[in-house]
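Observations on the model geometry
Residues per chain, in single letters:
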Amino acid sequence: QMYGRFIAYYLRHMSLLYVDRFLDYHLSNYYQEDEKKFTRFLKLMLREQTDGLLTEAVMQTVNEWIEEKLKQLGYNVISTDVEKYYKDAQVVDANYPLPYPDKNFDLVWSMDVIEHLENPDFTAREIKRILKPNGTAILITSNSYFWLYYFFKIFGLTPRDLQRRDHKYFFCFKDIQKLFPKSEIYGYFPYTILKFKIKNPFLIRILSPTFVIINTR
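Residues numbered from 1 in each chain as written. Predicted model: local features only at pLDDT ≥ 70, side-chain atom pairs only at ≥ 80, totals over all residues. Heavy atoms only, no water.

Quick word on the nonpolar core
- Grouped together as the largest cluster of nonpolar side chains are 26 residues, with contacts concentrated most on Leu98, Val108, Ile114, Leu139, Ile176, Phe180 and Phe211.
- Elements that contribute at least two residues to this core include exactly strand 4 (105–111), helix 5 (120–130), strand 5 (131–142), helix 8 (173–179), strand 6 (184–189) and strand 8 (210–216).
- Those residues in contact with leucine 139 that sit more than four places away from it in its chain are Ser110, Ile114, Ile127, Phe180, Phe211, Val212 and Ile213.
- Core analysis: the second largest hydrophobic core is formed by 12 residues, Trp109, Met111, Ile140 and Ile214 among them. (Core = buried A, V, L, I, M, F, W, Y, C linked by side-chain atoms within 4.5 Å. Buried < 20%, exposed > 50% of the residue type's maximum accessible area, 1.4 Å probe, protein only. Helix = DSSP H or I, 4+ residues; strand = E, 2+ residues; numbered from the N terminus. Contact = heavy atoms within 4.5 Å.)

Structure follows, in structure tokens:
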């Protein structure tokens, strides 16, 4: 176990295999290297979720690059984060009631937020509250029990050892089902040349580093 703790310390401070940062970097670079692919992805997802109408969307922890891409596609976007990391971001702490009226948004998109919160169930209810009828919430969070974590378990390391220190929850597939019981849950396969969406629950559990949750009000 002491050897495992040394590995965790080394990974965290040398930033060689700090797992969730590596996965965030991989996903963001994958799309930013091919803007056409990212734009097609956004158009397809938003058209499917909002019937192509001009969308009022609130985004949690969306970087400035993604916000700008959405605006270029004609969407009205409110970006929020716990700190004002860029000019147009609104400072909102998702641990508290969201400062928006009921039934206000066509789309809520939350990236890597719920694992940081004190009470994800409360925030899930808040997201549902601010959605319009037939509005959609898309949430992305880490799968803390996919295959790579089982490899590190050999060295006595847990998801808490490998992820960011400010993560409070380490979700498995059943946790996500409990939080969002009527949602569709997807994964993705981001390795090497092959990159594709995963729909099978068993394969999502073991292969996908991330849960993609789509909830329609």
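After that view, the rundown keeps rolling.
Re the pairing of strand 5
- Where burial is concerned, most of strand 5 is hidden: nine out of the 12 residues are buried.
- Bridge count between strand 4 and strand 5: six bridges; the pairing is parallel. Its bridge partner being in strand 5, leucine 107 is matched across the sheet by threonine 136.
- In the classification by handedness, the crossover that spans strand 4, the intervening helix 5 and the parallel strand 5 is right-handed.
- When strand 5 meets strand 8, the two strands line up antiparallel, connected through seven bridges. Bridge assignment links threonine 141 to a residue of strand 8, and that residue is phenylalanine 211. (Pairing = 2+ DSSP bridges. Right-handed = clockwise from strand over helix to strand, strands pointing away.)

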